[in-house]
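Survey of secondary and tertiary structure
Here's the letter readout for the chains.
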Amino acid sequence: SAVISQKPSRDICQRGTSLTIQCQVDSQVTMMFWYRQQPGQSLTLIATANQGSEATYESGFVIDKFPISRPNLTFSTLTVSNMSPEDSSIYLCSFVAGGPPGELFFGEGSRLTVL
Amino acid sequence: AQSVTQLDSQVPVFEEAPVELRCNYSSSVSVYLFWYVQYPNQGLQLLLKYLSGSTLVKGINGFEAEFNKSQTSFHLRKPSVHISDTAEYFCAVRSGNTGKLIFGQGTTLQVKP
């Protein structure tokens, strides 16, 4: 199965700054997704990262706050902009293996703490 | 809109006892159902999935789940749990070809010696 890696695995950030999370898959995948897991909570879908076009955001998430890039079929980035303590979460990228209804694989996540 | 409800936020159980983690979903179309496990400070790992066919699905680590369309449920079971099963368990649903998963709130399984 494909391997997915995220960087950074964790970081401590200052209020008002921005951080970009990278997600790399070792094979080409069609669908990639970004999720947020707030402390003690479940996973909430932020957006679907589309290759060659703008990401599709879920209700409550906007491009200005969470800009996403997907330059090719193996790579995506999520930026958390103008961070506040409420953005302290684990951010996970994921992809579908083998096309729908294939299994969704997850990266290990990026644990962000905003002071 | 799809939704997933995990009826128990925490399930304490003694080692070697059976366990059932409950999951109900709502969807007006055909669904694909998943159970994921998250061990402390780790990512998500797929336990099992229901796509079609037999309603009883067997997964890794001795877990199984039964898809019940009439009750819109997908409960997870294990006949005898181990300390190492202590983790957070998430039920998720995906419908059609959207690819994205909707997760339940999670159930913390606490296995006691």
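What comes next concerns the included structure.

Calculation rules
Sequence order sets the numbering: in each chain, residues are counted from 1 along the sequence as written. Going through the entries in the order they are written, you letter the chains from A and number the ligands from 1. Under the rules for a predicted model, residues below a pLDDT of 70 receive no local features and side-chain atom pairs below 80 are neither given nor counted, while totals for whole chains, interfaces and linings still include all residues. Hydrogens are left out, water is left out, and the side-chain values use all remaining heavy atoms of the structure. Elements are defined by DSSP. Helices are runs of H or I of four residues or more, strands are runs of E of two residues or more, and each kind is numbered from the N terminus. This radius of gyration counts C-alpha atoms alone. The globule rule is 2.2 Å times how many residues there are, raised to the power 0.38. Only protein chains enter the calculation, and the probe is 1.4 Å; a residue is then buried if its accessible area is under 20% of its type maximum, exposed if over 50%, and partly exposed in between. Residue contacts follow a heavy-atom distance rule, with two residues in contact if any of their heavy atoms lie within 4.5 Å. Note on areas: Shrake-Rupley with a 1.4 Å probe; residue coverage comes only from the protein chains shown. We treat Lys and Arg as the positive residues and Asp and Glu as the negative residues; His and chain ends play no part in the count. Throughout, a charge is located at the NZ atom of Lys, the CZ atom of Arg, the CG atom of Asp or the CD atom of Glu. A 1.4 Å probe defines the accessible area here, and the buried area is the portion of it lost by two parts on being joined, summed over both. We define a salt bridge as a contact between a side-chain nitrogen of Lys or Arg and a carboxyl oxygen of Asp or Glu at a distance within 4 Å. Two N or O atoms count as a polar contact when they lie within 3.5 Å, although within protein this holds only if one can serve as hydrogen donor and the other as acceptor, and sequence-adjacent residues are included solely when both atoms are side-chain atoms. DSSP-based pairing: two strands are paired if at least 2 bridges between them are found. Simply put, an axis is a line fit to the C-alpha atoms, just over the touching stretch for a helix, and the angle between two N-to-C directions goes from 0 to 180 degrees. In plain terms, two cysteine sulfur atoms within 2.5 Å form what is called a disulfide here.

A few words now on the overall build of chain A. When its secondary structure is counted, chain A shows zero helices and 11 strands. Along chain A, helices and strands appear, N-terminal first, in the series β-β-β-β-β-β-β-β-β-β-β. For chain A, the C-alpha radius of gyration of 13 Å lies close to 13 Å, the compact-globule estimate for 115 residues. Once the C-alpha set of chain A is aligned to its principal axes, its extents read approximately 40 × 25 × 20 Å. Every one of the 115 residues in chain A was classed for burial, and the buried ones make up 52%. Restricting the contact set of chain A to residue pairs at least 6 apart, pairs at least 24 apart contribute 52%. If you sum the accessible surface of chain A, you get close to 5,300 Å²; carbon and sulfur atoms cover 49% of it. For chain A, the distance from the average position of its 7 positive side-chain charges to the average position of its 9 negative side-chain charges is 6 Å.

For the rest of this paragraph, the subject is the interface of chain A and chain B. The parts lose accessible area when they come together, and the size of an interface is often stated as this lost area. With 20 residues of chain A at the interface, the matching set in chain B holds 21 residues. Taking both sides of the interface into account, the surface hidden between chain A and chain B amounts to around 1,700 Å²; carbon and sulfur atoms contribute 54%. The residue B:Lys100 makes a salt bridge to A:Glu58 at a minimum N-O spacing of 2.9 Å. Counting every contact that joins chain A to chain B gives seven residue pairs in polar contact (both at pLDDT 80 or more). Of all the elements in the fold, those that place two or more residues in the side of chain A that touches chain B are strand S4 (32-37), strand S5 (43-49), strand S9 (89-96) and strand S10 (104-106) of chain A. Among the elements that line the side of chain A that touches chain B, the one with the most residues is S4(A), at three residues.

Residues and elements named next belong to chain A. Taken together, four strands build an open sheet; the order of strands is S1-S3-S8-S7 and the sheet is antiparallel. Unpaired on one side and paired on the other, strand S1 (4-7) and strand S7 (68-72) mark the two borders of the sheet. Each neighbouring strand pair of the sheet contributes to a mean axis angle of 15°, computed without reference to strand direction. Relative to strand S8 (residues 75-80), strand S3 (residues 19-25) runs antiparallel, the two sharing six bridges. Looking at the pairing, Leu19 lines up with Val80 of S8.

It is worth spelling out the environment of A:Tyr91 at this point. All names here are of chain A. Here Tyr91 shows up in strand S9. For Tyr91, a relative accessible area of 0% corresponds to the buried category. Linking Tyr91 and Leu78, residues 13 residues apart in sequence, is a C-alpha distance of 8.8 Å. Residue contacts for Tyr91: discarding those within four places in its chain leaves Gln6, Ile21, Tyr35, Arg36, Ile46, Phe66, Leu78, Val80, Gly109, Ser110 and Leu112. Separated by 2.8 Å, the side chain of Tyr91 and the backbone oxygen of Asp87 make a polar contact.

Enumeration according to the criterion identifies two disulfides over all chains in this entry. The disulfide that involves A:Cys23 links it to A:Cys93, with 2.0 Å between the sulfurs. With the S-S bond torsion at 70°, the cross-link from A:Cys23 to A:Cys93 turns out right-handed. Residue A:Cys23 is found in strand S3, and its partner A:Cys93 is found in strand S9; the two are separated by 70 residues along the sequence. Among the residues examined, A:Cys23 registers a relative accessible area of 0% and is labelled buried. Classification of A:Cys93 as buried rests on a relative accessible area of 0%. Shown here is the disulfide that connects B:Cys23 with B:Cys91, its sulfur atoms set 2.0 Å apart. The disulfide joining B:Cys23 to B:Cys91 has a torsion of about -65° about its S-S bond and is therefore left-handed. Remark: B:Cys91 occurs in strand S10 (residues 87-95) and B:Cys23 occurs in strand S4 (residues 23-26); sequence separation between them is 68 residues. According to the relative accessible area criterion, B:Cys23 is buried, its value standing at 0%. Here A:Cys13 is not disulfide-linked; the sulfur of A:Cys93 is the nearest cysteine sulfur, at 17 Å.

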